[in-house]
Amino acid sequence: PLTLEEVRMLVELFYLPYHHGTLAQHLLEHFRWLWANSLSVGVPATAPDACGGTCWRGRAQLFQLLCTQICRLHSHFVSSAGRALLYDLHPYLWDIRNMLLAASAFVLWLGCRSITAPVLLGGDAEPWACRGGLFGELQALLPVGNSCDLFYHPPPLFPSSQLFLLRPLLPLDKEEASLNFSLGQTGQQLSSASALVGRLLGSFLSLSPEYMFVLEDEDGPCGYAAGALCAEGFLQQRDSSWLPAIRHKYPRDLGAGAAALGQDVLEEALLFFHADPPSIPLPVLRRFPSLVQLGTAPRVLDVGASRSLAICLLSALRANGSRGVFCQVSAADQQQLSFYSKLG
């Protein structure tokens, strides 16, 4: 059952229409301060950071702790509340959970990326762009806060107590993924799992790891978001250096017995490596300068977690000056088309 402290948290998140409880006030204060005093992103600080990096990291940890507590509150509430109360209050708590997944990962990204670029400030948002309450104030603080369609989605018909963690890619993740995507000493075998990693994320891991995020649940990684701030340069580097090296490392005939072994993923990856990538029209690159790619495992049924992935990646790109993004999807890939359509 919910504890007294969790009930108190629930009340403070939705205290009064124009007055936040103590917990909500702390969330907003920490987020505003961390965003204004970021060590890594070139955002003009509105208040001098007298404490240096130690002070920033300490407040970042406090913010992460509050976000984690609220995510657990959502999970416990779904498991414990009576049906009538659950269906009345769940949409509001689900919204806050999704927003804090994105805000928490964005703060982590601010603290671990040594990137300096001017933030691209947008104009004043229309009054209808942001909703009210804590959700609306957090939305307005994120770099993509004016994109109202990105933040609205109906809650699931069947609430889930599944816990998620959203975070940026860490150096250890990159090393592990790169190790899995290696041929070994003999250079004669490539597993289906590592082939899938290489096909989906190999170029991003090598050329743009600073814009990668990982979604995890109780069973481990279950989703990813990857981006390239300057798609034109990224694609040129991919085609001129990364793809030739991969083709040399994984020759076309490596998958000769793939179908017989039931390794369809391996065969598909090798075809992908050796096919000529489609060219992107220059007007697209001029209007949408950044490339994004997202995906989740079939077990992730909560579209809110996928939406948090998108919000976090787009916030990171926007914070460093991107004014638009595009993604590449095969016309025959109905699963990915459906996934992106659900994200809006």
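In case you missed it, the structure is sitting above this.
Report on the accompanying structure. (Residues numbered from 1 in each chain as written. Predicted model: local features only at pLDDT ≥ 70, side-chain atom pairs only at ≥ 80, totals over all residues. Heavy atoms only, no water.)

The next point concerns the overall build of the chain. Secondary structure assignment for the chain yields 13 helices and five strands. Contacts spanning at least 24 positions in sequence make up 76% of the contacts within the chain whose residues lie at least 6 apart. Of the roughly 17,500 Å² that the chain leaves accessible, carbon and sulfur atoms contribute 59%. (Helix = DSSP H or I, 4+ residues; strand = E, 2+ residues; numbered from the N terminus. Contact = heavy atoms within 4.5 Å. Areas by Shrake-Rupley, 256 points an atom, 1.4 Å probe, with all protein chains shown as cover.)

Let us look at the environment of A310. With respect to the helices and strands, A310 occurs in helix α12 (residues 303-319). Exposure remark for A310: the relative accessible area of 8% places this residue in the buried category. Taking the C-alpha atoms as reference points, A310 and A102, separated by 208 residues in sequence, lie 8.4 Å from one another. Beyond its immediate sequence surroundings of up to four residues, A310 is in contact with L294 and L343. (Buried < 20%, exposed > 50% of the residue type's maximum accessible area, 1.4 Å probe, protein only.)

A separate point is the sheet that holds strand β3 (residues 220-228). Strand order in this open sheet of five strands is β1-β2-β3-β4-β5, and the pairing throughout is mixed. A single partner strand is all that each edge strand has here, and the edge strands are β1 (165-168) and β5 (325-326). Pairing analysis gives six bridges linking β3 to strand β4 (residues 290-296), with the strands arranged antiparallel. What sits directly across from Y224, in β4, is G295. Contacts between helix α4 (residues 83-112) and the sheet are confined to β1 and β2 (212-217), with β1 contributing the most and set at about 25 degrees to the helix. (Pairing = 2+ DSSP bridges. Axes fitted to C-alpha atoms, helices over the stretch in contact; angles between N-to-C directions.)

Bringing empty space enclosed by the protein into the picture now. By the definition in use, this model includes one cavity of 30 Å³ or more. Of the voids in this model, the largest cavity is the one considered here, and its volume is about 90 Å³. Around the largest cavity, the lining residues are W94, D95, N98, M99, F135, L150, F151, H153, V303, G304, R307 and I311. The set of elements that each furnish at least two residues to the lining of the largest cavity consists of α4, α6 (148-151) and α12. Of the residues that constitute the lining of the largest cavity, the class distribution is seven nonpolar, three polar and two charged. Of the domains in this structure, domain 1 (1-161) and domain 2 (164-343) are the two that each give at least three residues to the lining of the largest cavity. (1 Å grid on protein atoms, 1.4 Å probe; cavity = no way out; pocket = protein on both sides within 12 Å on 5 of 7 lines; lining within 4 Å. Points joined across faces, edges and corners; volume = space filled by probe spheres on them. Nonpolar A, V, L, I, M, F, W, Y, C, P; charged D, E, K, R; others polar. Domains from an automatic or database assignment.)

Turning next to the packing of helix α2 (residues 22-36) against helix α5 (residues 133-141). To describe two helices that pack against each other, one gives the angle between their axes and the distance between the axes. As a packed pair, α2 and α5 sit with axes 11 Å apart at the nearest point and diverge in direction by 0 degrees. Judged by the angle between their axes, α2 and α5 are roughly parallel. Contacts from A24, L27, L28, F31, R32 and W35 of α2 reach α5 at L134, E137, L138 and L141. Classifying every residue of the contact of α2 with α5 gives eight nonpolar, no polar and two charged. (Parallel < 35°, antiparallel > 145°, perpendicular 65-115°, else oblique.)

If you look at the biggest cluster of nonpolar residues, it comprises 66 residues, and the most contacted ones within it are L27, F31, F106 and F213. With 13 residues, α4 is the largest single contributor of residues to this core. Residues lining this core come from more than one domain, with at least three contributed by each of domain 1 (1-161) and domain 2 (164-343). Those residues in contact with F31, other than ones at most four positions away along the chain, are F63, A103, F106, V107, L138, L141 and L142. Residues F204, L205, F234 and L291 belong to the second largest nonpolar core, which totals 15 residues. (Core = buried A, V, L, I, M, F, W, Y, C linked by side-chain atoms within 4.5 Å.)

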